[in-house]
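Each chain is listed here by its residues.
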Amino acid sequence: MARDNIQCVFREPQYNPALIESVFEGTGVKTSIVFEPLGVGLPLGETLYPQLIKRLGQGILRCADA
């Protein structure tokens, strides 16, 4: 992890967070960022795609702040 400068790992909501945490335990890699690419919970309509992209971008920014 350190050699490749990995700072965070994105996970999708359907996967068990404990599994990801166990893999990266003790590495300092941030594992709490949920990357939900399907837009679940967003209202259908013309704003869905912009909201989805915004939400994904916010996850990437949280990683950059890790």
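Residues numbered from 1 in each chain as written. Predicted model: local features only at pLDDT ≥ 70, side-chain atom pairs only at ≥ 80, totals over all residues. Heavy atoms only, no water.

**Structural notes on the overall build of the protein chain**
On a plain count of helices and strands, the protein chain comes out with 2 helices and 2 strands. From first element to last, N terminus to C terminus, the protein chain shows the α and β order β-α-β-α. A compact globule built from 66 residues would reach a C-alpha radius of gyration of about 11 Å, whereas the protein chain, at 14 Å, exceeds it by more than 25%. Structurally, the protein chain occupies a C-alpha span of about 40 × 25 × 15 Å along its principal axes. (Helix = DSSP H or I, 4+ residues; strand = E, 2+ residues; numbered from the N terminus. Rg over C-alpha atoms; globule rule 2.2 N^0.38 Å.)

**Some thoughts on the packing of aromatic side chains**
Scanning all chains against the criterion turns up 1 aromatic pair. Centroid distance Phe 10 to Phe 35: 4.7 Å. Interplanar angle 40 degrees. Geometry classified as tilted. Remark: Phe 35 occurs in the loop between strand E2 (30–34) and helix H2 (48–64) and Phe 10 occurs in strand E1 (residues 8–11); sequence separation between them is 25 residues. On the accessibility criterion, Phe 35 (21% relative accessible area) is partly exposed. (Phe/Tyr/Trp six-rings, centres within 6.5 Å; stacked < 30°, edge-to-face > 60°. Buried < 20%, exposed > 50% of the residue type's maximum accessible area, 1.4 Å probe, protein only.)

**Quick look at the environment of Asp 65**
Looking at the secondary structure, you find Asp 65 in the segment after H2. Among the residues examined, Asp 65 registers a relative accessible area of 67% and is labelled exposed. Spatially, the C-alpha atoms of Asp 65 and Glu 46 are 30 Å apart, while their sequence positions differ by 19 residues.

**Quick look at the pairing of E1**
Bridge analysis of E1 against E2 gives 3 bridges, and the strand direction is parallel. Residue pairing across strands places Arg 11 opposite Val 34, the latter belonging to E2. Since E1 and E2 lie parallel, the crossover through helix H1 (residues 17–24) that links them has a hand, and here it is right-handed. (Pairing = 2+ DSSP bridges. Right-handed = clockwise from strand over helix to strand, strands pointing away.)

**Focus on the state of the cysteines**
Applying the stated criterion across every chain yields a total of 1 disulfide. Two residues share a disulfide in this structure: Cys 8 and Cys 63, whose sulfurs sit 1.7 Å from each other. Around the S-S axis, the bridge from Cys 8 to Cys 63 shows a dihedral of about -100 degrees and counts as left-handed. Pair noted here: Cys 8 is in strand E1 and Cys 63 is in helix H2, with a separation of 55 residues, a long-range link. (Disulfide = S-S within 2.5 Å.)

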